[in-house]
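# Chain and residue survey
In case you want the letters, here they are:
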Amino acid sequence: MSGNQPRMLAITEINNREPVAVEMPESLSKIWATDVFNLATMEEALSKNAFKAMKNTVQTGAALDPGTADVVAAAMKDWAIAKGVKFFSHIFYPMTNATAEKHDGFIITNSDGGAITEFTGSLLIKGEPDGSSFPNGSLRMTNAARGYTAWDPTSPAYIMHTDNGATLMIPSVFMSWTGEALDKKIPLLRSNAALDKAAKKVLSLMGEKEIATLSSSCGAEQEYFLVDANFASSRPDLLLAGRSLFGAPPAKGQEFDDHYFGAIPERVQVFMQDLEDRLYRLGIPAKTHHNEVAPGQFEIAPYFESANVASDHQQLLMTLLKITAKKHGFLCLLHEKPFAGVNGSGKHVNWSVGNATQGNLLDPGSTPNDNLIFLLFCGAVIRGVHVFGPLLRAAIASAANDHRLGANEAPPAILSVYLGDQLEKLFMDIKAGKLNETAKGGMMDLGLTQILTFERDPGDRNRTSPFAFTGNRFEFRAVGSSQSVSGPLVAMNTMLADSLEWIALRLESSLAATASQTEAVILVLQELMQAHGGVVFGGNGYSPEWHRMAVEERGLKNLPTTADALPAFLDPAVVELFKKTGVLTPVELASRYEVYAEQYILSIEVEVKLTVEMAKTLIYPAAMGYIADLAATISAAGEVGVKLDAAVAGKVATEVNAMMLAVAELSAIIGKHDFDSTEEHMKFCANTVRPLMDEVRLHADRLETEVADELWPLPKYRELLFFR
């Protein structure tokens, strides 16, 4: 059988494939949140007192009494069973960027041997998975396994439908028996509490009287690739590592700029409609979808929600992307850089802060007082990014994201803040002791009578900035597509809480020293900008000049790899930040460093093993087979007096030998673990292992362009990226 036969069979099947039949969705009003036990559902299912208590908990975070939990559990069970549910699960989010769930039945047996259903408040409130079998950073030893899940009533329960049935999913936190957070949800809830406390201080000093509970909000743009499952099944690297460890660039990539916002392929359109139908039933407000820059790359973006719910929905979105893709014959790749040479995938986290009484505090207001509050909160973000930039970089660090950051398709690893020309000028005026009116963008008038005029934004967009103000929110553009948004949200909320505390302390003194609120705000922001304005940058973040200026003149840190970035978790200032805000104890923070470092090392070790295996068992045999064919042809031609050039065979042989030398070096270091520290091990992975992997790939990809297509065993980029 020829080496490329699986590829050819896959192409034939794809060309003859019809889009999966999907029922046309009903109107949005009929399907919206029909599988969610939200406040609207609770109002019908609960008593007035129970509903009032639940509403208060959801909207303010107030404590819920156990009696109400019993009432909620009974109503939740009845609602779920009426929809065909037989099992429930406390779903939680361990430190893996993935979700975890343990399913339990509603069923119990009685003394007569019969079966009945039961779901009490105690079952709703608490579950018990194994605390030592999830990443825990030495918080739990193997012999100390107890861990708990606990219901989070601020995030609604929902029903997950699969071909095998339906399950009631109960969003939960996950902790050890000794009380430490083992998940990504507990720190997020704590960071919101810290933010609420600090923001209320500033708002009170600014004369606000009625101040509802404040929370961060999030809208995360999710990028992803779709690869036909027939091709993916012949790519061990895609299946196990999520990215192609080998692959020569195709003749056509993304250089024509013809894929971004282009017409969506029919099969992908059907997939998207099916996905969004499921999302709407689960109350996830998917708002936009489109082709992204790279061929085979797409994006879906939800509307803003409270950070806790948005984080849960992001995890669910990633799960549904993979499940729905499989149904439609695709493999969904969430890796940050699945294909070298084309754009990778990010998850731009749009982030703001607000409440029910003051609204969005990062939205320039229509009154002078509103503008002053906006400037204080915007200034707090500037200070936070300047002081805790390395923490933000650590929060998005992963083996996958290292491939994407700074690759002229994503922001650099230097954390800076983009404000837009007009807002940047405003803050620079404040630095000089002046305060002008918050700038407006002016009207966009093209001089065409048939095109309506509209107000443009006060600043342009800067795609090279990792942290950009975009009109009424900040966009953290450096987050990776496979990552949970909880980690970045925790870092942003906590740094903002610290900066607001800093502002409140100085604002109180400034207000006591001057009769003018405006002058008091100017004095505080002037001090802030003089100390932290160096983090504001509106130019080209890719330019070498900026990299030099950022590090040498402004004192910002360039942390290009995870090995460089993760030690920020151990910085005494970061440890103190999380300790004083109550978001993470020093032990919990250290555990996260240990977990993320281990995940980085393990990810690279998996890739190394795959690189060695694929080079030896797939690429080497194909290349040697081609050399044998060439040698036989040259020999046969010589026997009949025809002399053929052997240069091609020589070139292939040279590349094979070079590849296998690099493979031998990689093989020799796979088992190396005698390091003095975790940081030393990470540095070894970043500075020694990865360059060797790149060398193996260099020679293998050259071989792909030389070896006969009929012998090449791996689906090529042109097939992975362009066949739909």
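Everything here concerns the structure above.
These figures come from a predicted structure and were not determined experimentally.

## What about the overall build of the chain?
Across its full length, the chain holds 23 helices and 21 strands. Its C-alpha atoms give the chain a radius of gyration of 28 Å, within 12% of the compact-globule value 27 Å for 724 residues. In terms of overall dimensions, the chain has a C-alpha envelope of 105 × 80 × 70 Å along the principal axes. Taking contacts inside the chain between residues at least 6 apart in sequence as the whole, the part at least 24 apart equals 75%. Separation between the mean location of the 63 positive side-chain charges and that of the 86 negative ones in the chain comes to 2 Å.

## So, the packing of helix α10 (residues 266–281) against helix α11 (residues 307–327)
Remark: α10 packs on α11, axes separated minimally by 10 Å, with the N-to-C direction vectors making an angle of 135°. Regarding the angle of α10 to α11, the classification is oblique. You can see that α10 and α11 cross each other, and the crossing is right-handed. In this structure, α10 uses F271, D274, L275, R278 and L279 to contact α11, whose residues at the interface are L317, L320, L321, I323, T324, A325 and K327. Partitioned by chemical class, the residues of the contact of α10 with α11 number 8 nonpolar, 1 polar and 3 charged.

## Section: the packing of helix α20 (residues 586–639) against helix α21 (residues 647–669)
Taken N-terminus to C-terminus, the directions of α20 and α21 make an angle of 160°; their axes are 10 Å apart at the nearest point. Here α20 is positioned roughly antiparallel relative to α21, judged by the angle of their axes. Read as a crossing pair, α20 and α21 show a hand that is left-handed. Counted together, V608, T611, V612, A615, K616, I619, Y620, A623, M624, Y626, I627 and L630 of α20 and V648, A649, V652, A653, V656, M659, M660, V663, L666 and S667 of α21 form the full contact between these two elements. For the contact of α20 with α21, the per-class residue count stands at 19 nonpolar, 2 polar and 1 charged.

## A look at the side chain of Q297
Considering the arrangement of structural elements, one finds Q297 in strand β12 (residues 297–302). Q297 sits in the buried class, given a relative accessible area of 0%. Within polar-contact distance, the side chain of Q297 engages the backbone nitrogen of A294 at 3.1 Å. Within polar-contact distance, the side chain of Q297 engages the side chain of S345 at 3.1 Å. Ignoring any residue separated from it by four or fewer positions in sequence, one finds Q297 in contact with E223, Y224, F225, H259, N291, E292, N343, G344 and S345.

## Quick look at the pairing of strand β11 (residues 286–291)
When β11 meets β12, the two strands line up antiparallel, connected through 5 bridges. Looking at the pairing, H290 lines up with E299 of β12. Hairpin connection of β11 to β12: 5 residues between the antiparallel strands, including G296 at a positive phi of 80°.

## Comments concerning the packing of aromatic side chains
A full pass over the atoms with the stated rule returns 21 aromatic pairs. With 5.6 Å between their ring centres and 35° between their planes, F467 and F474 make a pair best called tilted. Put simply, the rings of W351, F374, F467, F469, F474 and F476 touch in pairs and so form one group of aromatic residues. The ring of F330 has R267 lying over it, and the distance from NZ or CZ to the ring centre is 3.9 Å. Geometry around F675 places K672 over its ring, the cationic atom sitting 5.0 Å from the centre.

## Looking at the pairing of strand β7 (residues 147–151)
Counting buried residues in β7 gives 5 out of 5 residues, a clear majority hidden from the surface. In β7, alternate side chains face the same way, and those of G147, T149 and W151 on one face and Y148 and A150 on the other are all buried.

## Here's the deal with the pattern of salt bridges
In this structure the tally under the stated criterion is 31 salt bridges. E655 is the partner of R702 in a salt bridge, and the nearest nitrogen-oxygen pair spans 3.4 Å. Placement of R702 in helix α22 (residues 678–704) and of E655 in helix α21 is noted, with a sequence separation of 47 residues between them. Residue classification places R702 among the partly exposed residues on the basis of a relative accessible area of 38%.

## As for α11
An α-helix turns once per 3.6 residues; consequently, residues spaced three or four apart project the same way. For α11, spanning 21 residues, the distance from its first C-alpha to its last is 30 Å, which sits close to the expected 30 Å at 1.5 Å a residue. Immediately beyond the C-terminal end of α11, within one or two residues, lies G329, with a positive phi of roughly 80°.

## Some details on the environment of A413
Considering the arrangement of structural elements, one finds A413 in the loop between α13 (401–404) and β17 (417–418). In this structure, the C-alpha to C-alpha distance between A413 and A565, residues 152 residues apart in sequence, is 9.2 Å. For A413, the residues in contact, after removing those within four places along its chain, are R393, K557, N558, L559 and P560.

What counts, and where the lines are drawn
Residues numbered from 1 in each chain as written. Predicted model: local features only at pLDDT ≥ 70, side-chain atom pairs only at ≥ 80, totals over all residues. Heavy atoms only, no water. Helix = DSSP H or I, 4+ residues; strand = E, 2+ residues; numbered from the N terminus. Rg over C-alpha atoms; globule rule 2.2 N^0.38 Å. Contact = heavy atoms within 4.5 Å. Lys, Arg positive; Asp, Glu negative; His and termini not counted. Charge placed at Lys NZ, Arg CZ, Asp CG, Glu CD. Axes fitted to C-alpha atoms, helices over the stretch in contact; angles between N-to-C directions. Parallel < 35°, antiparallel > 145°, perpendicular 65-115°, else oblique. Left-handed = near helix turned anticlockwise from the far one by under 90°. Nonpolar A, V, L, I, M, F, W, Y, C, P; charged D, E, K, R; others polar. Buried < 20%, exposed > 50% of the residue type's maximum accessible area, 1.4 Å probe, protein only. Polar contact = N/O pair within 3.5 Å; in protein donor to acceptor, adjacent residues only side chain to side chain. Pairing = 2+ DSSP bridges. Phe/Tyr/Trp six-rings, centres within 6.5 Å; stacked < 30°, edge-to-face > 60°. Lys NZ or Arg CZ within 6 Å of the ring centre and 35° of its normal. Salt bridge = Lys/Arg side-chain N within 4 Å of Asp/Glu carboxyl O. Expected span 1.5 Å × (residues − 1).

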